Amino acid sequence: MKVTRLPDIERSLKGTGGRERSVAVGTFDGVHLGHREVIAGSDSALTFDPHPVTVVAPQHTPKLLTTFERKAELIASLGVQELIVIPFDADFARRPADEFVDEVLVGALGARQVSVGENFRFGHRAQGDARLLAADERFATVVHPLLEVDGEVVSSSHIRGLLLAGDVAEANRMLGAPFELSGEVTRGDARGRELGFPTANIVPDESLAYPGHGVYACLAAGRPPLSAAVPAAVSIGVRPTFETGRAELIEAYLLDFEGDLYGRQLRLEFLERLRGERRFEDPEALIEQMGRDVERTRAIAQAD
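Overview of the structure. Everything numeric in this text was worked out from a predicted model, so none of it was measured. (Residues numbered from 1 in each chain as written. Predicted model: local features only at pLDDT ≥ 70, side-chain atom pairs only at ≥ 80, totals over all residues. Heavy atoms only, no water.)

On to the environment of G30. Its location among the elements puts G30 in the loop between strand 2 (21–25) and helix 2 (33–39). Put simply, G30 and R160 are 130 residues apart on the chain and 9.6 Å apart in space, counted from C-alpha to C-alpha. When residues no more than four places from it in sequence are discounted, the contact partners of G30 are H35, L65, T66, L74 and L175. (Helix = DSSP H or I, 4+ residues; strand = E, 2+ residues; numbered from the N terminus. Contact = heavy atoms within 4.5 Å.)

Pasting the structure below:
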C-alpha cells in the first residue's frame, strides 16, 4: 500500500487533475470493526495525523489504540491501495467544511465515491457532516450506520474502556484483530531472572492505550533472535509484592525462549487476561502463581 501526504498530492497536480478515487474518510484509531465497514471496497483511505483532538482540544486528547505505523498496517490488510495522510494542524482545523470538500475531496483526490461513518464530522468547528457530503452531487456518498455488537456500539472510546478494565478478549472482538502494543526492550532490575522467569521489559508509551494492571496471555514477536511468534506471559503494573519505586512496567516472560532482546523492538499481541495484579505474601507464593500463569498462557496460545 502506498502512503501519501495530502500536500504532496496537491503539489503534484499543478492544475492538471489527478486520478479518481473511491475514498474512505476517518480518523480510524484502532481500525475496529466499524472502521472496517467504512473502509471496505474503497481503493483509498484518507486519515489525519496527529489525531485532530490533539489540536482542537488537547486537554481531551485520547490514548490512541494504535501507532500510525500499526494503523497503516491494518488498513493495508483490508486491500486499500493508497493511504492519504492529512498533517493535521491549527491551520487545517480552521478550513471550512465546504473548502474541505471542494479542495481536498474533489480537487486533490478526485473523489468519485466517499465513504464515512454516520457520526463523521469535519471542517472548522466540526460543521461538516455526512448530510453535507450526501447532498454533493459531484460524488456518491456511502454513509455507514454505527455498528453494534451484542447491543454495544463499536467505538474507539468503548474499546479503550475495555482495555483499561483488562477485558482484552472483548476488545479484540470489537477490533476484529488482537490488540497489539510494541516498544523497545529496556534493562530492568533483573527481578524476574532472580525468580526464574527472566522478562523482557517495555516502558509503556504514555500517548497510547494499553490494558489495565494484571497478567495476560500474549504472543510475542520481533526480529532475530526472536524469529517467530512465541507465547508470552505478560504482567502490566507496578510489582506490588516488591518495594521497587519503579513506575509502570510491561514485563513479558517469553516461554521456551533464550536470547538477548535488549534494545530491540518487541511486539505483544494480547489474547486473554489471566488475573488481576495482586500482592503475594512472599516470593515463593509469587513463583508458584507465575508457574500457573505460564501454563495457562501456553494452553491459550496453543488453542488460539
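Now, onward.
Here the focus is the sheet that holds strand 10 (residues 200–202). Taken together, six strands build a closed barrel; the order of strands is 9-10-13-12-11-14 and the barrel is antiparallel. For this sheet the average axis-to-axis angle between neighbouring strands, irrespective of direction, equals 45 degrees. The pairing of strand 11 (residues 214–222) with strand 12 (residues 230–237) spans seven bridges and is classified as antiparallel. Looking at the pairing, A217 lines up with A233 of strand 12. Sitting on the sheet, helix 9 (residues 168–175) is in contact with strand 11 and strand 14 (265–275), with an inclination near 120 degrees to strand 14. (Pairing = 2+ DSSP bridges. Axes fitted to C-alpha atoms, helices over the stretch in contact; angles between N-to-C directions.)

Okay, helix 6 (residues 97–108) next. Since there are 3.6 residues in each turn of an α-helix, residues three or four apart along the chain are aligned in direction. For helix 6, the set of buried residues is A97, F100, V101, V104, L105 and A108. For helix 6, the arc enclosing every buried residue in end-on projection is 155 degrees, short of the 170-degree limit, so these residues lie on one face. Of the residues trailing helix 6, G110 is marked for its positive phi of about 55 degrees. (Buried < 20%, exposed > 50% of the residue type's maximum accessible area, 1.4 Å probe, protein only. Arc of directions from axis to C-beta.)

Moving on, we come to the sheet that holds strand 1 (residues 2–5). Strand pairing in a sheet relies on backbone hydrogen bonds, with the paired strands running either antiparallel or parallel. With parallel pairing, the six strands of this open sheet are ordered in space as 1-4-3-2-5-6. Where the open sheet ends on each side, the last strands, each with one partner, are strand 1 and strand 6 (140–144). Here the average twist between neighbouring strands, direction ignored, is 25 degrees. Two elements, strand 5 (residues 111–117) and strand 6, share five bridges in a ladder whose sense is parallel. For V114, the partnering residue across the bridge sits in strand 6 and is T141. Relative to the sheet, helix 1 (residues 6–13) contacts strand 1, strand 2 and strand 4 (82–87), its axis offset from that of strand 1 by approximately 75 degrees.

Moving on, we come to the pairing of strand 5. Strand 5 sits mainly inside the fold: five of its seven residues count as buried. Note that strand 2 and strand 5 share four bridges and pair parallel. Pairing of A24 across the sheet is with S115, part of strand 5.

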